[in-house]
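Each chain is listed here by its residues.
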Amino acid sequence: MRTAPPLRRPTLLCALLLVVTACASREPYDYGPLVSHMPGSILVLPPLDETPEVEAAEGWLATATRPLVERGYYVFPVAVVHRMMRENGLPTPHEMHQVSLTKLAEIFDPDAVLYVTVREWGTSYEVLASNTRVSVEARLVDTATGTEIWRGTAVAVKSSNDGNQGGLIGAMVGAVVNQVVTSAIDPTPDVARQCNANLFLNSWDGLLPGPLHPDHAEAMAEHGVVLP
Amino acid sequence: MRRRLGWTALLLAALLPAAACSSPRYDWGPYEDSVLAVELDFREQQLMDEIAALEEHIHQLQLRDEVAPPGMHAHVGYLQYLAGDTGAAARHFEAEKALYPQSTVFMDGLLKRI
């Protein structure tokens, strides 16, 4: 802990440099597959859960519909889909991800299927602070052809020290207060919403505005497809 | 630190309105909470509470001449089916299909089950 302050500035500088170089060397995202298989409807399967948290899959699923719909896609009712699959002999998301596209097409008829893995979910407590992290990985597959038409990863973090200028004592009090508060109000759903916004809505490699979005035609035209 | 935050805020302020104004807007009401409740816990009383909250929300939307977002009618229809009210379930599945023809195959399948 004692060595942290002198390190902070160079670390920040390195982080900034990394961001700058990462941006400079990044190829533009290839929207070709998404544009040529533009889905009108998306079936979001319950996510694989790689976290030690018991409610990560359910928690993420509850936050998934809104950003996708507001991006212009029809999204099948996630809880109904989940329960129906469970009642039909598929106990976990792992089995649900193994179902063939043909079978999914027969029952739900989605244009595309979204396969998600939740990698991090929840709050870790340290001595002076707590960090809430959500990170996910997503793959969108065209139902008719099996082609992967979009892929993305995102992470969102909220620290209990955000905006805390109170020094060491302040930080200690902050950590205690935050632990008390967060046990009552879990910040994870909000962090998950931020993570989903980073995943689906970012203008670099997020999803293009879908058919229900007012900017859809414009976005398609930018990628060489003029809609009738 | 503070200066960087200032720039970030400025950048976000410049970007956000452009992103926020043009997306389709729906009033989701208790939908996300209900999804989580259905996912995590399913006692009888909670099922009735979820149905009441969603039916009331859809009623309010109708009074304001707004449409329910994708999936909402299907969700409450399924809850009605679990609660044993197949008439209400069928009405909601038909409503989902009418609003969003993308759901036709799925809704027809549910209508056949009830």
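Computed from a predicted structure; not experimentally measured.

**Q** Any chance you could explain the interface of chain A and chain B here in plain terms?
**A** When the parts of a complex come together, some accessible area is lost, and that lost area is often used as the size of the interface. Every contact between the two is made by 39 residues of chain A and, on the other side, 30 residues of chain B. Interface area lost by chain A to chain B is led by Glu-70, Tyr-74 and Arg-83 of chain A, which between them contribute 20%. Among the salt bridges present, the one from Arg-193 of chain A reaches Glu-32 of chain B, with a minimum N-O distance of 2.8 Å. Counting only elements with at least two residues in the side of chain A that touches chain B, the list comes to helix H1 (4–25), helix H3 (56–70), strand S3 (74–75), helix H4 (78–87) and helix H6 (101–107) of chain A. Here the residues of the side of chain A that touches chain B sort into 19 nonpolar, 10 polar and 10 charged.

**Q** Help me out: how do you make sense of the nonpolar core in this one?
**A** In a soluble, globular protein the nonpolar side chains are often hidden away together inside. Membership of the largest hydrophobic core comes to 78 residues, with the highest contact counts inside it found for Val-44, Trp-60, Leu-104 and Leu-114 of chain A. Sequence-distant contacts of Trp-60 of chain A, that is, excluding residues within four places in its chain, are made with Val-44, Pro-47, Leu-114, Val-116, Val-118, Trp-121, Val-136, Asn-196 and Phe-200 of chain A.

**Q** What am I meant to see in the layout of surface pockets here?
**A** A water-sized probe rolled over the atoms picks out the places where empty space is left. Taken as a whole, the second largest pocket holds about 310 Å³ of empty space. Elements with a contribution of two residues or more to the lining of the second largest pocket: H3, strand S4 (112–125) and helix H8 (188–200) of chain A together with helix H2 (31–40) of chain B. No other element matches the 5 residues that H2 of chain B contributes to the lining of the second largest pocket.

**Q** For this particular structure, what's the right way to read the pairing of S4 of chain A?
**A** Moving residue by residue along a regular strand, the side chains alternate between the two faces of the sheet. Residues and elements named next belong to chain A. With 3 bridges joining them, strand S1 (residues 41–44) and S4 adopt parallel strand pairing. Within the sheet, the bridge partner assigned to Ile-42 lies in S4 and is Ala-112. Bridging between strand S2 (residues 48–49) and S4 involves 2 bridges; their strand directions are parallel. Within S4, the position partnered with Asp-49 by the bridge is Val-118.

**Q** What am I meant to see in the side chain of His-82 of chain A here?
**A** Its location among the elements puts His-82 of chain A in helix H4. Judged by relative accessible area, His-82 of chain A falls into the buried class, the value being 5%. A distance of 2.6 Å separates a polar atom in the side chain of His-82 of chain A from a polar atom in the side chain of Glu-39 of chain B.

**Q** How should I be thinking about H3 of chain A in this particular structure?
**A** The largest bend along H3 of chain A reaches roughly 25° and is located at Ala-64 of chain A, with the proline Pro-67 of chain A sitting one to four residues downstream. Where burial is concerned, most of H3 of chain A is hidden: 14 out of the 15 residues are buried.

**Q** Would you explain the confidence of the model for chain A in this entry?
**A** The predicted structure's coordinates, where accompanied by low pLDDT, should not be read in detail. Residue and element names in this part refer to chain A. Looking at chain A as a whole, its pLDDT mean stands at 85, while 79% of the residues score no less than 70. Every residue in residues 1–7 is under pLDDT 50, and counting partners more than four places away or in other chains gives 1 contact. Scored below 50 in pLDDT, residues 17–21 makes 0 contacts in the model with residues more than four places away or belonging to other chains.

**Q** When you look at the packing of H3 of chain A against H2 of chain B in this model, what are you seeing that I'm missing?
**A** If you want to describe how two helices pack, look at the angle between their axes and the distance between the axes. With their axes 9 Å apart at the nearest point, H3 of chain A and H2 of chain B run at an angle of 150° to one another. In terms of their interaxial angle, H3 of chain A and H2 of chain B are classed as roughly antiparallel. Handedness of the crossing formed by H3 of chain A with H2 of chain B: right-handed. Residues Glu-58, Gly-59, Leu-61, Ala-62, Thr-63, Thr-65 and Arg-66 of chain A of H3 of chain A form the contact with H2 of chain B, whose participating residues are Tyr-31, Glu-32, Val-35, Leu-36, Glu-39 and Leu-40 of chain B. Per-class residue counts for the contact of H3 of chain A with H2 of chain B are 6 nonpolar, 3 polar and 4 charged.

**Q** For this particular structure, what's the right way to read the packing of H2 of chain B against helix H3 (residues 44–63) of chain B?
**A** All names here are of chain B. Direction vectors running N to C along H2 and H3 enclose 165°, while the axes themselves pass 10 Å from each other. Compared by their axis directions, H2 and H3 come out roughly antiparallel. Here H2 runs over H3; the crossing is left-handed. The residues of H3 that touch H2, namely those facing Tyr-31, Ser-34 and Ala-37, are Gln-46, Glu-50 and Leu-54. The residue makeup of the contact of H2 with H3, split by class, is 3 nonpolar, 2 polar and 1 charged.

Cut-off values and rules
Residues numbered from 1 in each chain as written. Chains lettered and ligands numbered in written order. Predicted model: local features only at pLDDT ≥ 70, side-chain atom pairs only at ≥ 80, totals over all residues. Heavy atoms only, no water. Contact = heavy atoms within 4.5 Å. Buried area = accessible area lost by both parts, 1.4 Å probe. Salt bridge = Lys/Arg side-chain N within 4 Å of Asp/Glu carboxyl O. Helix = DSSP H or I, 4+ residues; strand = E, 2+ residues; numbered from the N terminus. Nonpolar A, V, L, I, M, F, W, Y, C, P; charged D, E, K, R; others polar. Core = buried A, V, L, I, M, F, W, Y, C linked by side-chain atoms within 4.5 Å. Buried < 20%, exposed > 50% of the residue type's maximum accessible area, 1.4 Å probe, protein only. 1 Å grid on protein atoms, 1.4 Å probe; cavity = no way out; pocket = protein on both sides within 12 Å on 5 of 7 lines; lining within 4 Å. Points joined across faces, edges and corners; volume = space filled by probe spheres on them. Pairing = 2+ DSSP bridges. Polar contact = N/O pair within 3.5 Å; in protein donor to acceptor, adjacent residues only side chain to side chain. Bend = angle between axes of the 7 residues up to and from the residue. pLDDT = per-residue confidence, 0-100. Axes fitted to C-alpha atoms, helices over the stretch in contact; angles between N-to-C directions. Parallel < 35°, antiparallel > 145°, perpendicular 65-115°, else oblique. Left-handed = near helix turned anticlockwise from the far one by under 90°.

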